[in-house]
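Fold and geometry: a report
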Amino acid sequence: MCGYISKKSLLPLSLLAIFVIFMPSQAQSGIISDATEACLDCHISITPGIVGDWQKSRHSQVSMNEAIAKSDLEKRVSSSDLPEEERGFVIGCAECHMINNETHTDSFDHNDYTIHTVVSPPDCATCHAVEWDEYQKNIMSKAYSNLMDNSLYIDLVNSINGVQHFSDNAITADIADDTTNASACLACHGTKVTVDGFFERETELGEMTFPVLNGWPNQGVGRINPDSSIGSCTSCHPRHQFSIETARKPATCAQCHKGPDVPAYKVYQASKHGNIYESEKHHWEFNAVPWTVGQDFTAPTCAVCHISLLVDEEETVIAKRTHQMNDRLDKRLFGLIYAHPHPIDANTSIIKNKAGLPLPTELTGGSVSEFLIDEAEQGIRLENIKSVCRSCHSSGWVNGHFVMLDKTIETTNEMTLTATKLMSQIWEEGYVEGLPQGKSVFDDAIEKKWVEQWLFYANTVRFSAAMAGADYGVFANGRWQMSKNLREIHDWLETHRQLKK
Amino acid sequence: MCGYISKKSLLPLSLLAIFVIFMPSQAQSGIISDATEACLDCHISITPGIVGDWQKSRHSQVSMNEAIAKSDLEKRVSSSDLPEEERGFVIGCAECHMINNETHTDSFDHNDYTIHTVVSPPDCATCHAVEWDEYQKNIMSKAYSNLMDNSLYIDLVNSINGVQHFSDNAITADIADDTTNASACLACHGTKVTVDGFFERETELGEMTFPVLNGWPNQGVGRINPDSSIGSCTSCHPRHQFSIETARKPATCAQCHKGPDVPAYKVYQASKHGNIYESEKHHWEFNAVPWTVGQDFTAPTCAVCHISLLVDEEETVIAKRTHQMNDRLDKRLFGLIYAHPHPIDANTSIIKNKAGLPLPTELTGGSVSEFLIDEAEQGIRLENIKSVCRSCHSSGWVNGHFVMLDKTIETTNEMTLTATKLMSQIWEEGYVEGLPQGKSVFDDAIEKKWVEQWLFYANTVRFSAAMAGADYGVFANGRWQMSKNLREIHDWLETHRQLKK
Amino acid sequence: MCGYISKKSLLPLSLLAIFVIFMPSQAQSGIISDATEACLDCHISITPGIVGDWQKSRHSQVSMNEAIAKSDLEKRVSSSDLPEEERGFVIGCAECHMINNETHTDSFDHNDYTIHTVVSPPDCATCHAVEWDEYQKNIMSKAYSNLMDNSLYIDLVNSINGVQHFSDNAITADIADDTTNASACLACHGTKVTVDGFFERETELGEMTFPVLNGWPNQGVGRINPDSSIGSCTSCHPRHQFSIETARKPATCAQCHKGPDVPAYKVYQASKHGNIYESEKHHWEFNAVPWTVGQDFTAPTCAVCHISLLVDEEETVIAKRTHQMNDRLDKRLFGLIYAHPHPIDANTSIIKNKAGLPLPTELTGGSVSEFLIDEAEQGIRLENIKSVCRSCHSSGWVNGHFVMLDKTIETTNEMTLTATKLMSQIWEEGYVEGLPQGKSVFDDAIEKKWVEQWLFYANTVRFSAAMAGADYGVFANGRWQMSKNLREIHDWLETHRQLKK
């Protein structure tokens, strides 16, 4: 009988195989705090989905003590002063929703516990302090104010989200309302979440009090939280599993980087990297920290190039983890209205160009250099991203790639300038009112065509060059549309000249 | 040696692991009927693909007796009067293609068996009667006649599918032919499958007779079958595996709910739910019945919100299974031409508005309430879907979400009204002929722009709000296009006024 | 104790389960050559990504001797005269980068080895000779010259990629530069990779010499290599794993067959086949050779229909492997400017129509038959693809499908003709200059609308019919856009006639 496995023993073994494959690999040794137990007692039946989600998480299984015992490269926590009294516990409901209550205007009494609904980055920073520090230098953390505190962009927002009416043969437009903005631009940029008092509600467990939250729900990257902090870790680390696998997969970034204005995800999908990811990802290891190039994955995801801690198989560091992200970005491809060196400060609403417009470039071309990083800093950041490329590609390959990107930036900027000259001519000849007349540059049909030149087509072509996503450089909102759009603007101008005659 | 597994024993064990993971978990104990054996004998080499597909199915492995022995929650069959004589057999070729032959005009003699090609919902209803009952109350079951028996929509179909010609400086258009309609609109809506006699053909097995089927192949949701029934279960449960995993995955719904008119799938993909699904689905269990929230999956697919039987881990039912689907839908987002309360009857071709148009809304705004569910019923259905939301989200979260959806319906309806006022003005001033002239409202270029306002952009924005798919609310056929399109219609009107002068 | 597996023994067993599932199943018995060992010594730390990728490959694990010992159906190598002295080694760095050096102008001395950077199809043909023979008859192998040696297409390329300027109230356009072309059209079509001398660079290992490559990096299907050969196997078999799983998955084809001009991948995704693939693929076997219909997969990918060796479960061959691909294609759906029978020769730049244009069709409709396969050959190729269809579908189903495709070709060709008649009228009346004036037919806004009629919409509708991807036949760049575009061209003509008056 020895060395033979009876039929009876096969079932447990195969179940084990499933367990090993489908469960996170960490040991399950942490203790659940009493407060978290109290939450779970009710919420297992009230919100079983998020409880089940959390049960699959590393948070539910690893105590702070275990987390900080890891080697430097393996460590997923970065704070040096973890609260002593909580170190034996796993990270449960209470550990996040009951921390820093005093700073949260949404804190309220809930079954004899004071809790807050909106967990904010400073709450997460209890354990992940370095990430929070870095993230505040990330332009994304200011996504709310960079949009809503910029007079030009607010005009753009209103021209998109404001309801339009037709009467007396004219179109008029309302100022965009807060709810619409929340459902539109601010879904990605983040809302301002405020507490508008508290209300009582009958529940299965009797009458209970809850805060009235405005701008909620929202998971935008620049959300203004009830504790006045900015950002929302759940944008990329969705509740309540907070899976590093999810954050490392491109579908996460795709939530906001997929549309025609910033089609990074679509370009990635059409690229060789995206091809390999899509075809081979089920063979990869997405939960390993550190993340080993060539072993854990064989083509980059967004996180590989822009965020993750990467090592080779001898654990030599290829790239440090960063939540500043622009650490590895020398330029901002996203043309406003031309591509330009990356801004120095995450707060871009302070930028003004020579013409007095809150833009990092002049409408007539050229960058507003005082607000943008200099060549030396650009060189450092370019080297950061290139060192990731070189873990798979030769220097010649990498340099050849960036030659194409640089040329693309040059030509798309030129095509934007041509469209802008046409637009200026149209304003000058008075067919529509815009900059020279002190009127909106976004409200007329022809102005919207001009916006698409830089916001959709030039951007798409640049992203395509940056990530080698072929057709986005040509027929998929690429050079075809860029060249066609320009001819159509000219055609419009010629038609209106003839009409005038 | 005991307790030690020799190297020799490793291989069978690991193969078992693969087996357990890649095979459906049910036991393989049912008996194949003689008639099905006869089919398989030839078809294993004639159509090996579908035979192999069926072999992987639950149908090939579980007998009716086993199926009905399951507990109520686990049951996948719903008929109370399963045919006694067949209960010991698995569900094979014969059990579906040889049932109800007398009602099928496509029945024919095939190697001494009478069979029919087109398996229809009443055939499936032998075991799945409740699903078939429900499905007939689903608006999708009438997708053929709701389109083809509506004089306005037929005009739309012809304006899209009819071949156009240019001669004598005018465009003329043919009536759309049946084959083109089948390849276009009816690919989703379903064709009318009719039997046009029978023909003989030389086969590897000698001369054989087959029916001549018109409108075939087709898998549309409202297909009219040769037994006069409506619908096609294979739309979502594709042959011959009929996998519940497939039906529960969003790629199934995407077959028809992806285009610019109804971009539900694209919005889902860009949403947080879609992000989690895409990143974590390989850890989920798609074959479990009932389907346990938080355990089997941690974010909803289309089926979770709209169809599936959901329980929590204590097997408390969160939502009942329904194939009526609008059970959980209070409104119809799909604006015809405005979003409105859900129709009472699955047959919408009976609807007439005050102006005499076969539409559930007036062109000038407002719903045709006599054909639509009332507020009480809306409240019940809204509560049904909200109870699914609340298995993961707090009431405050859920209500906040629906506030944004309601506002979006209001504003997109308003933007549709503005476009319609412009269109009416254009008709009135006679630049093109339409409603006032008793002519098609879909054939002119400017009319097509008006259609896109409600059919593409307003719908996209609403779906985006309904499922929180950010960019589809803004730049991806969203509010940007909605506001731009309106300005372009106005621009066209102004140009034509100037031309007239 | 016997028959019982102790807790201690579970871990190795479960690790084994992971190993078996995530690692290729072949034995690892080949020997690494000394030259490859020398490469690996440094590159394991210089480019760990590609070394790791290669380590997961079949190339790194199977020697030539093992590869040629396989049965005919299982064989992945096709050359009859494999180099005797290398047969004991696995295929490593040296085996590809050091072969045929004398034909490569990019060969250079690298640490005392002569190597070349760009591995070309003739290098791969050392083992895969038949595939290389076939590929040269594939129209894709001539993708560079078919585009760049065709005067009409070059004009199209320039109209898309050339930078445009606005001065003196006119638009002027530059000739497209090589770098932009490389980043745009030639990303898919392939660049001409040339050696522009050699340069020295300081590296971690001292000063080293490298070739200066123009048109590099590039992975286009028709790349002209430094050894004058055409093609790039890595287009579909990406370095350095060369996984057959990747090549068989549709994301690979999607790199170039996804845009609005040739949306094959998007149509597939929306089709029933794509639905099943997306939902069930993780249960399939993508590494099996031969590939068994119904067992290894239950719905086709691109490779199934167009390339792969397919067998049934008795190993009867359903379709032979081909890298000529048009072996199974009777028509070219991609309308230039109408769909037509497949070209005889892979080199299409030799084609001239009666009007003297380098096109396989006349602008006025009809095919240039002398350069296209005849009806007999069309019949053979159609039967090839139909025999793949019939492994899952009945003859009636298959024929019904092709009736819809044929009708779609007829109607889309007709809709292209109508647009072309309109365009000709516009040229004739002189609103823009084109063919009659001996000027570019691609540079004006209205000409670009005409191009979209055949390049985007007619093509999309045809692909939709060919693969039953519903909405691409209607609202997703389908018949809706085709009919709207035509009306808009007519509207433009009418407006300009009125302006002229």
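Structure: above.
Residues numbered from 1 in each chain as written. Chains lettered and ligands numbered in written order. Predicted model: local features only at pLDDT ≥ 70, side-chain atom pairs only at ≥ 80, totals over all residues. Heavy atoms only, no water.

With that settled, consider the overall build of chain A. A tally of regular secondary structure across chain A gives 20 helices and 11 strands. With respect to the principal axes defined by its C-alpha atoms, chain A has extents near 100 × 60 × 45 Å. Sequence separation of at least 24 residues holds for 58% of the intrachain contacts in chain A that already meet a minimum separation of 6. (Helix = DSSP H or I, 4+ residues; strand = E, 2+ residues; numbered from the N terminus. Contact = heavy atoms within 4.5 Å.)

Read from one edge of the open sheet, 3 strands run S7-S8-S9 (chain C), paired in mixed fashion. The sheet terminates laterally at strand S7 (291–292) and strand S9 (317–319) of chain C, the two strands that pair on one side only. (Pairing = 2+ DSSP bridges.)

Taken together, the contact pairs 73 residues of chain C with 76 residues of chain B. With both chains or domains summed, chain C and chain B bury close to 6500 Å², and 62% of this area falls on carbon and sulfur atoms. Looking at the side of chain C facing chain B, the largest losses of area belong to C:Trp397, C:Trp480 and C:Arg487, adding up to 13% of the total buried there. Our count for the contact surface shared by chain C and chain B stands at 2 salt bridges. Its salt-bridge partner being C:Lys484, residue B:Glu452 comes within 3.1 Å of it at the nearest N-O pair. At the boundary of chain C with chain B, the tally comes to 25 residue pairs in polar contact (both at pLDDT 80 or more). A per-class count over the side of chain C that touches chain B returns 28 nonpolar, 26 polar and 19 charged. (Buried area = accessible area lost by both parts, 1.4 Å probe. Salt bridge = Lys/Arg side-chain N within 4 Å of Asp/Glu carboxyl O. Polar contact = N/O pair within 3.5 Å; in protein donor to acceptor, adjacent residues only side chain to side chain. Nonpolar A, V, L, I, M, F, W, Y, C, P; charged D, E, K, R; others polar.)

Moving on, we get to the relation of the copies chain B and chain A. The two chain copies are related to each other by a rotation about an axis together with a translation along it. The two copies are related by a screw motion: chain B maps onto chain A through a turn of 120 degrees and a shift of 0.0 Å along the axis, at an RMSD of 0.0 Å. The symmetry that links the two subunits is that of a three-fold axis. Taken as a fraction of all interface residues of chain B, those also at the interface in chain A reach only 8%, which identifies the copy contact as different-surface. (Least-squares fit on C-alpha atoms with pLDDT ≥ 70 in both.)

So, on to the pairing of strand S6 (residues 206–214) of chain C. All names here are of chain C. Here strand S5 (residues 194–203) pairs with S6 via 8 bridges, running antiparallel. Paired with valine 195 across the bridge in S6 is leucine 213. In this structure, the hairpin formed by S5 and S6 is closed by a connection of 2 residues.

Quick look at the interface of chain B and chain A now. Counting residues at the interface gives 73 residues for chain B, matched by 76 residues for chain A. Carbon and sulfur atoms make up 62% of the area that chain B and chain A hide from each other, which totals about 6500 Å². Contact with chain A buries area across many residues of chain B, yet B:Trp397, B:Trp480 and B:Arg487 alone supply 13% of it, more than any other trio. Our count for the chain B to chain A interface comes out at 2 salt bridges. Among the ionic pairs, A:Lys281 bridges to B:Glu278, the shortest N-O distance being 3.3 Å. Applying the counting rule to chain B against chain A returns 25 residue pairs in polar contact (both at pLDDT 80 or more). Of the residues that constitute the side of chain B that touches chain A, the class distribution is 28 nonpolar, 26 polar and 19 charged.

What follows covers the side chain of A:Asp53. Structurally, A:Asp53 is set in helix H3 (residues 48–55). A:Lys56 provides the closest opposite charge to the buried, salt-bridge-free A:Asp53, at an N-O distance of 7.3 Å. (Buried < 20%, exposed > 50% of the residue type's maximum accessible area, 1.4 Å probe, protein only. Lys, Arg positive; Asp, Glu negative; His and termini not counted.)

Let us now look at the nonpolar core. Judged by nonpolar contacts, the single largest core of 93 residues is most densely connected at A:Trp291, A:Leu310, A:Ile426, A:Trp450 and A:Trp454. Ignoring anything within four residues of it in the chain, the contact list for A:Trp291 reads A:Arg248, A:Glu285, A:Phe286, A:Asp296, A:Phe297, A:Thr301, A:Ala303, A:Val304, A:Ser308, A:Leu309, A:Leu310 and A:Val311. (Core = buried A, V, L, I, M, F, W, Y, C linked by side-chain atoms within 4.5 Å.)

Another point: the environment of C:Val221. All names here are of chain C. Considering the arrangement of structural elements, one finds valine 221 in the loop between S6 and helix H12 (244–248). In sequence terms valine 221 and alanine 339 are 118 residues apart; their C-alpha atoms lie 22 Å from each other. With sequence-adjacent residues up to four places away left out, valine 221 is seen in contact with Tyr135, Met140, Ser141, Ala143, Cys188, His189, Gly190, Gly231, Ser232 and Ser235.

Below, the discussion takes up the relation of the copies chain C and chain B. When chain C is brought onto chain B, the operation consists of a screw motion whose angular component is 120 degrees and whose axial shift is 0.0 Å, with 0.0 Å RMSD remaining. Taken together, the interface assignments show that only 8% of the residues at the interface of chain C recur at the interface of chain B, consistent with different surfaces on the two copies.

Counted under the stated rule, the structure contains 48 aromatic pairs over all chains. Ring geometry for A:Tyr431 against A:Trp492: centres 6.4 Å apart, planes inclined by 80 degrees, an arrangement best described as edge-to-face. Here A:Tyr431 is found in the loop between helix H18 (395–429) and helix H19 (445–467), whereas its partner A:Trp492 is found in helix H20 (residues 479–500), with 61 residues between them in sequence. Taking 6.3 Å as the distance between ring centres and 90 degrees as the angle between the ring planes, the aromatic pair formed by C:Tyr277 and C:Phe286 counts as edge-to-face. Take C:Phe286: its relative accessible area is 3%, and that puts it in the buried class. By way of ring pairs, the aromatic residues A:Tyr268, A:Tyr277, A:Trp284, A:Phe286, A:Trp291 and A:Phe297 are connected into one cluster. Over the ring of B:Phe286 we find B:Lys249; its NZ or CZ atom is 4.7 Å from the centre of that ring. (Phe/Tyr/Trp six-rings, centres within 6.5 Å; stacked < 30°, edge-to-face > 60°. Lys NZ or Arg CZ within 6 Å of the ring centre and 35° of its normal.)

Summed over all chains, the structure comprises 12 cavities of 30 Å³ or more. In this structure, the second largest cavity encloses a volume near 670 Å³. Of the residues that constitute the lining of the second largest cavity, the class distribution is 18 nonpolar, 6 polar and 10 charged. (1 Å grid on protein atoms, 1.4 Å probe; cavity = no way out; pocket = protein on both sides within 12 Å on 5 of 7 lines; lining within 4 Å. Points joined across faces, edges and corners; volume = space filled by probe spheres on them.)

What follows covers the state of the cysteines. All names here are of chain B. Enumeration over the complete set of coordinates arrives at 3 disulfides over all chains. Between the sulfur atoms of cysteine 188 and its disulfide partner cysteine 256 the distance amounts to 2.3 Å. On the sign convention where negative means left-handed, the S-S torsion of about -100 degrees between cysteine 188 and cysteine 256 marks this disulfide as left-handed. Separated by 68 residues along the polypeptide, cysteine 188 in helix H11 (residues 185–189) and cysteine 256 in the loop between helix H13 (250–254) and helix H14 (264–270) bring together distant segments of the chain. A residue is classified by how much of its surface remains accessible, and cysteine 188, at 14% relative accessible area, is buried. We classify cysteine 256 as partly exposed; its relative accessible area is 24%. (Disulfide = S-S within 2.5 Å.)

Now for the packing of helix H19 (residues 445–467) of chain B against helix H20 (residues 479–500) of chain B. What describes two packed helices is the angle between their axes and the distance between those same axes. Residue and element names in this part refer to chain B. At a minimum axis distance of 9 Å, the contact between H19 and H20 shows a crossing angle of 165 degrees. With respect to H20, the axis of H19 lies roughly antiparallel. Once H19 is placed against H20, the crossing between them reads as left-handed. Taking contact as the criterion, the partners of Ile446, Lys449, Trp450, Glu452, Gln453, Tyr457, Ala458 and Val461 in H19 are, on H20, Arg479, Gln481, Met482, Asn485, Leu486, Glu488, Ile489 and Trp492. Class assignment for the residues of the contact of H19 with H20 results in 9 nonpolar, 3 polar and 4 charged. (Axes fitted to C-alpha atoms, helices over the stretch in contact; angles between N-to-C directions. Parallel < 35°, antiparallel > 145°, perpendicular 65-115°, else oblique. Left-handed = near helix turned anticlockwise from the far one by under 90°.)

By the definition in use, this model includes 48 salt bridges over all chains. B:Lys331 is paired through a salt bridge with B:Asp330; the nearest N and O atoms lie 2.8 Å apart. A relative accessible area of 9% places B:Asp330 in the buried class. If you follow the salt bridges from partner to partner, you end up with A:Glu278, A:Lys281, B:Glu278, B:Lys281, C:Glu278 and C:Lys281 in one network.

Right, let's talk about the packing of H20(A) against helix H9 (residues 151–161) of chain C for a bit. Look at H20(A) against H9(C): their axes get within 7 Å of each other, and the N-to-C directions meet at 75 degrees. In terms of their interaxial angle, H20(A) and H9(C) are classed as roughly perpendicular. Where H20(A) abuts H9(C), its residues A:Arg479, A:Trp480 and A:Ser483 lie against C:Leu156, C:Ser159, C:Ile160 and C:Asn161. Residue composition of the contact of H20(A) with H9(C), grouped by class: 3 nonpolar, 3 polar and 1 charged.

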